[in-house]
Amino acid sequence: MKNPRVGFVSLGCPKALVDSERILTQLRVRGYDIAPEYSSADLVVVNTCGFIDAAIDESLQAIGEALDANGRVIVTGCLGANPERILQQHPRVLAVTGPHATEQVLREVEQHLPRPHEPYLDLVPAQGIRLTPRHYAYLKISEGCNNRCSFCIIPQLRGKLASRPIDDVMAEAERLVASGVRELLVISQDTSAYGVDLRYRPGSFRGVEYQTRFIDLARALGTLGVWVRMHYVYPYPHVDAVLPLMAEGKVLPYLDIPFQHASPTVLQRMARPAHAEKTLDRIHQWRREVPDLTLRSTFIVGFPGETDAEFQQLLDWLDEAQLDRVGCFKYSPVEGAPANTLGEPVPDEVMEERHQLFMERAMEISKARLAQRIGQTITVLVDRIEDGVAIARSSGDAPEIDGVVQVLDGGALRVGEFAQVTITDADAYDLQATVAGTTH
Ligand code: SF4
């Protein structure tokens, strides 16, 4: 007998992707098949994003498409925290759940599409189903956020910080590594705050006692022998303790810190966590400790009330900080965010000009920093092979958001394996290299 088939659409950030992976794994555990297209599915689950207005529109459109093509749709994810918005436009959806509601989604699926009698439990590999390539995986350590940045409604959508106990996170990390994962990407809304809500609850991993807190997590992950990359870290003073682990090679020399701005007055209006820390001094100190540290960040230009002088402060700060990887968004008002009323909106053309200026400056810095690496021999992780060229990443490149290392003679390298390569050339964001030998 044919198993019931569920179609799945996953929108939004890596955190939503992790939710999608959980739901898909559980669907397979319960005996459902996953349908590759709407027409062959008995029902479709849409995992939505509600972060900014453009994401809301995209989510509503995806729900509409699924309804047109299939007719039986369950909605989950961030936009699901606001069911009226969905039901107003799409009254035909079968059910709506909020974010990280795996159990509720499964209940709704089972109600509208009964599960088969004999679930094929052994069809599911122990590590679950991942939407990312086999050799890297996102490790979500907490949900929600205790901060109240004025431009963000994630705490309203996802609730307060809820950390996973360290033994739970480490058990998942160990399973992933056992299944072939070579790189773990630690994600959450605020990685440095990990465990505060659990009062740093103790736990153990492989016979060693750890606490549920940022630095212990870094230490424990550092024992697994794979790449560990830290995302969404705020520059609280306690973060400095991770630098020695980077210097020892336990954790990748990479920090993703969403600074968002550098002008103290804008940061104050943004109500950013750790905005009063002396970040420039810290960055210089970190680089002294770990010379090959890669710093990635994102920024917002055109925040309400941003003056020319405040923007200039941001540019000057960027020149000083010499960040390696930089993303920049033009401010876009999110419904329900307090920032919308905090100052005069910045006109579109001014915002556009600032965005361009900022990105040009960031590009020059990136280009100069990458050029310094020509001649170095480094370790890369191979993501794929295209026309005889290996597309790989160095410790400085997170998948999907950063650059790549093109290994020109790397056609024989194995996907998901580490390799030693020598950098031969660089452009604004990517490196070119040739093979120096392979390692395991
Ligand atoms: S840290 Fe700020 S921007 Fe990030 S989720 Fe929390 S409130 Fe939103």
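Since the structure is predicted, the reported quantities are computational estimates derived from the model, not experimental observations.

1. Quick look at helix α2 (residues 53-69)
Residue pairs spaced three or four apart in an α-helix point in one direction, given the helix's 3.6 residues per turn.
Item 1. The terminal C-alpha atoms of α2, which comprises 17 residues, lie 24 Å apart, in line with the 24 Å expected from a rise of 1.5 Å per residue.
Item 2. Three or more residues of α2 are buried, namely A55, I56, S59, L60, A62, I63, G64, A66 and L67.
Item 3. Where α2 is buried, its residues meet β3 (43-48), β4 (73-77) and α3 (83-89).
Item 4. Note on α2: the residue one or two positions beyond its end, G71, has a positive phi of about 95°.

2. What about the confidence of the model for the chain?
Item 1. Model confidence for the chain is summarised by a mean pLDDT of 90, while 95% of its residues fall at 70 or above.
Item 2. This model gives residues 118-122 a pLDDT under 50, and the stretch forms 7 contacts once residues within four places in sequence are excluded.

3. Quick look at helix α11 (residues 308-321)
Item 1. Counted at 1.5 Å a residue, the expected span for α11 with its 14 residues is 20 Å, and the 20 Å between its end C-alpha atoms agrees.
Item 2. Inspection of α11 places E310, F311, L314, L315, W317, L318 and A321 among the buried residues, and these make up the whole buried set. An end-on view of α11 places all buried positions within 160° of arc, on one side of the element. Along α11, exposed side chains directed more than 90 degrees from the buried face belong to D308 and A309.
Item 3. In this structure, the buried residues of α11 make contact with α9 (264-270), α10 (279-289), β14 (294-301), β15 (325-330) and α12 (348-371).

4. Quick word on the packing of aromatic side chains
Item 1. Counted by the stated rule, this structure contains 8 aromatic pairs.
Item 2. For the ring pair F151 and F303, a centre distance of 6.5 Å and an interplane angle of 85° mean the geometry is edge-to-face. Of this pair, F151 sits in the loop between β7 (142-143) and α5 (154-158) while F303 sits in the loop between β14 and α11, placing them 152 residues apart in sequence.
Item 3. Here F303 falls in the buried class, since its relative accessible area comes to 0%.
Item 4. A connected cluster of aromatic rings, assembled from ring pairs, spans F259, F299, W317 and F358.
Item 5. Against the face of Y200 rests R213, its NZ or CZ located 3.8 Å from the ring centre.

About the cut-offs
- Residues numbered from 1 in each chain as written.
- Predicted model: local features only at pLDDT ≥ 70, side-chain atom pairs only at ≥ 80, totals over all residues.
- Heavy atoms only, no water.
- Helix = DSSP H or I, 4+ residues; strand = E, 2+ residues; numbered from the N terminus.
- Expected span 1.5 Å × (residues − 1).
- Buried < 20%, exposed > 50% of the residue type's maximum accessible area, 1.4 Å probe, protein only.
- Contact = heavy atoms within 4.5 Å.
- pLDDT = per-residue confidence, 0-100.
- Arc of directions from axis to C-beta.
- Phe/Tyr/Trp six-rings, centres within 6.5 Å; stacked < 30°, edge-to-face > 60°.
- Lys NZ or Arg CZ within 6 Å of the ring centre and 35° of its normal.

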